[in-house]
Structure formats: C-alpha cells, structure tokens
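Commentary on secondary and tertiary structure
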Amino acid sequence: MAKPVPRLSPDDIQRVIATAWDDRPPFNAVLQRHGLSHGQVVALLKRELTPNAYKVWVARTKAPLKAGR
C-alpha cells in the first residue's frame, strides 16, 4: 500500500496535477520533481480529479507514446 500523500499546498497540488497531465515529461519526472512515490501521485490524482478526468489520465498513462508527442 502506498504511503499517504503528504500535506501539500493547493499550489503544489496544482503543480503535481499539471506535471502529471503534461505529455512531455516521463512519469518519473513527476515523482522526482515533487518528491512523491508512484502510489502517492496516483492517490493524489484520484482524490483531486473528477472520476472521469482520472479515468482519462489513467488511459493516457497506459497509451503508447505517439510520434511528435
């Protein structure tokens, strides 16, 4: 089970979400930049995004990268 998400300011939460949605950095960049584990990022996004937005994000992370992306 993942460690609980540390208390983050609203600005920090928005930065994590923006980085996670960005097509350019690999997922590991999110982890390193914000000092969160994979499970913590997933838990944060699941908590902060709408259920539909979370499903879209999960699908994007599992989709292969397209050329030019």
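Residues numbered from 1 in each chain as written. Predicted model: local features only at pLDDT ≥ 70, side-chain atom pairs only at ≥ 80, totals over all residues. Heavy atoms only, no water.

Some words on the overall build of the chain
Just so we agree on the cut-off: Helix and strand assignments follow DSSP, with helices taken as H or I runs no shorter than four residues and strands as E runs no shorter than two, numbered in order from the N terminus. Here a residue-residue contact requires only that any non-hydrogen atoms of the pair lie within 4.5 Å. Accessible surface is estimated by sampling points in the Shrake-Rupley manner with a 1.4 Å probe; for residues, cover comes only from the protein chains shown.
Of the regular secondary structure elements, the chain holds 4 helices and 0 strands. A separation of at least 24 residues holds for 56% of the contacts in the chain among residues at least 6 apart in sequence. Approximately 5100 Å² of the chain is accessible, and the part contributed by carbon and sulfur atoms is 56%.

Regarding the packing of aromatic side chains
Worth spelling out the cut-off: Side-chain rings of Phe, Tyr and Trp, where Trp is taken by its six-membered ring, are said to pair if the distance between their centres is within 6.5 Å; with planes under 30 degrees apart they count as stacked, over 60 as edge-to-face, and otherwise as tilted.
Under the criterion given, the structure shown has 1 aromatic pair. On the basis of an interplanar angle of 35 degrees and a centroid distance of 6.1 Å, the ring pair of Tyr54 and Trp57 is categorised as tilted. With a gap of 3 residues between them, Tyr54 and Trp57 both fall in helix H4 (residues 51–62), about one helical turn apart.

Things to note about the nonpolar core
Using the following cut-off: Nine residue types can take part in a nonpolar core, namely buried Ala, Val, Leu, Ile, Met, Phe, Trp, Tyr and Cys, and a core is a set of them joined through side-chain atoms within 4.5 Å. Buried, partly exposed and exposed residues are distinguished by accessible area as a fraction of the type maximum, computed with a 1.4 Å probe on protein chains only: under 20%, between the cut-offs, and over 50%, respectively.
Ranked by size, the top nonpolar core spans 15 residues in total, and within it Val41, Leu45, Leu49, Tyr54 and Trp57 carry the most contacts. Looking at this core, the elements that each hand over two or more residues are helix H1 (10–21), helix H2 (27–34), helix H3 (38–48) and H4. Ranked by residue count, the leading element in this core is H1, at 4 residues. Setting aside chain neighbours within four positions, we find Leu45 in contact with Ile17, Ala20, Tyr54 and Trp57.

Comments concerning H4
Basically, it comes down to this: Multiplying one less than the number of residues by 1.5 Å gives the expected span of a helix. The directions from the helix axis to the C-beta atoms are what the arc is built from.
The terminal C-alpha atoms of H4, which comprises 12 residues, lie 17 Å apart, in line with the 16 Å expected from a rise of 1.5 Å per residue. Among the residues of H4, those classed as buried are Tyr54, Trp57 and Val58. Angularly, the buried residues of H4 cover 100 degrees about the axis, an arc narrow enough to put them on a single face. The exposed residues of H4 that point more than 90 degrees off its buried face are Asn52 and Lys55.

Some details on the side chain of Gln40
Operational definition: Pairs of N or O atoms within 3.5 Å make up the polar contacts considered here, provided that, within protein, one atom can donate a hydrogen while the other can accept it, and that residues adjacent in sequence are counted only when both atoms are side-chain atoms.
Here Gln40 shows up in helix H3. Look at Gln40 and you get buried, because its relative accessible area is 7%. Among the polar contacts made by the side chain of Gln40, one reaches the main-chain amide nitrogen of Ser37 at a distance of 2.8 Å.

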